[in-house]
Amino acid sequence: MFKFWKGREGKNNSVSESSAAIGNNIHEETEEQIVELKGRNIQRFVAPVIGLTVLDLAEKNEVDWNSFCKRGTCARCRCHVSEGLEYLSPPNEAEEKRLDPEEIDEGYRLGCQTKLEKIGAISIKHAPYF
Ligand code: FES
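What comes next concerns the included structure. (Residues numbered from 1 in each chain as written. Predicted model: local features only at pLDDT ≥ 70, side-chain atom pairs only at ≥ 80, totals over all residues.)

1. A few points about the overall build of the chain
Item 1. Along the backbone of the chain there are three helices and eight strands.
Item 2. For the chain, the sequential pattern of α-helices and β-strands runs β-β-β-β-β-α-β-α-α-β-β.
Item 3. Residues counted as buried form 27% of the 130 residues belonging to the chain.
Item 4. Across the chain, every contact between residues at least 6 apart in sequence was considered, and the portion connecting residues at least 24 apart equals 58%. (Helix = DSSP H or I, 4+ residues; strand = E, 2+ residues; numbered from the N terminus. Buried ≥ 20, exposed ≤ 12 C-beta atoms within 10 Å, placed from the backbone. Contact = placed C-beta atoms within 7 Å.)

Next up, the structure:
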């Protein structure tokens, strides 16, 4: 397991274990490929990265996952989580505005808003409306 700072090129990339929970710019990564991402045509098991959104993780691993606004309004990144909701951030305000409560209850999320918060097995399928 290792950690790195996002967007701080040229600085010391290692951080202490205790600081991993502070701030949104610190990402924790494991090498275990326990997150299943099912894009439109590409399906991969990838390593989780704490702090990344589902969309960021899909893009990092070259899984075909549509997006446009990355602000939680267009829903092109909409996805369905069939396993591991407990390892993801709870729905934020943007998701609650854009998705119906029934969708959220069924496990639908916005990939650009949902962040990985804990290490664990997760299965997510890209599920846009169109
Ligand atoms: S990219 Fe538009 S809602 Fe996620």
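2. Structural notes on unusual backbone geometry
Negative phi characterises most residues that are not glycine, and trans characterises most peptide bonds.
Item 1. Of note in the backbone geometry, Glu62 takes a positive phi value of approximately 55° without being a glycine.
Item 2. We note that Lys70 has phi near 55°; this positive angle belongs to a residue other than glycine.
Item 3. By the element assignment, Lys70 lies in the loop between helix H1 (54-60) and strand S6 (78-83).

3. Description of the pairing of strand S3 (residues 35-38)
Item 1. Where S3 lies against strand S4 (residues 43-46), four bridges are found, and the strand directions are antiparallel. For Glu36, the partnering residue across the bridge sits in S4 and is Phe45.
Item 2. With antiparallel pairing between neighbouring strands as the criterion, S3 and S4 make up a hairpin whose turn holds four residues.
Item 3. Across four bridges, S3 lies against strand S8 (residues 122-126) in parallel orientation. Its bridge partner lying in S8, Leu37 is registered against Ile124. (Pairing = 2+ DSSP bridges.)

4. Topic: the sheet that holds S3
Each strand in a sheet pairs with another by means of backbone hydrogen bonds, the pair being arranged parallel or else antiparallel.
Item 1. Spatially, the five strands line up as an open sheet ordered S4-S3-S8-S6-S7, and their pairing is mixed. The open sheet is flanked by S4 and strand S7 (108-110), the only strands paired with a single partner. Within this sheet the neighbouring strands show an average axis-to-axis angle of 25°, counted without direction. (Axes fitted to C-alpha atoms, helices over the stretch in contact; angles between N-to-C directions.)

5. What about the nonpolar core?
Item 1. Counting 20 residues, the largest nonpolar core has Leu37, Val54, Leu55, Leu57, Ala58, Cys77 and Ile124 as the members making the most contacts within it.
Item 2. Of all the elements in the fold, those that place two or more residues in this core are S3, H1, S6 and S8.
Item 3. For this core, the element with the most residues is H1, which contributes four residues.
Item 4. Apart from the residues within four sequence positions on either side, Leu37 is in contact with Arg44, Val46, Leu57, Ala58, Asn61, Val63 and Ile124. (Core = buried A, V, L, I, M, F, W, Y, C linked by C-beta atoms within 7 Å.)

So, to be careful, I would describe these as geometric facts and stop short of saying anything about function.
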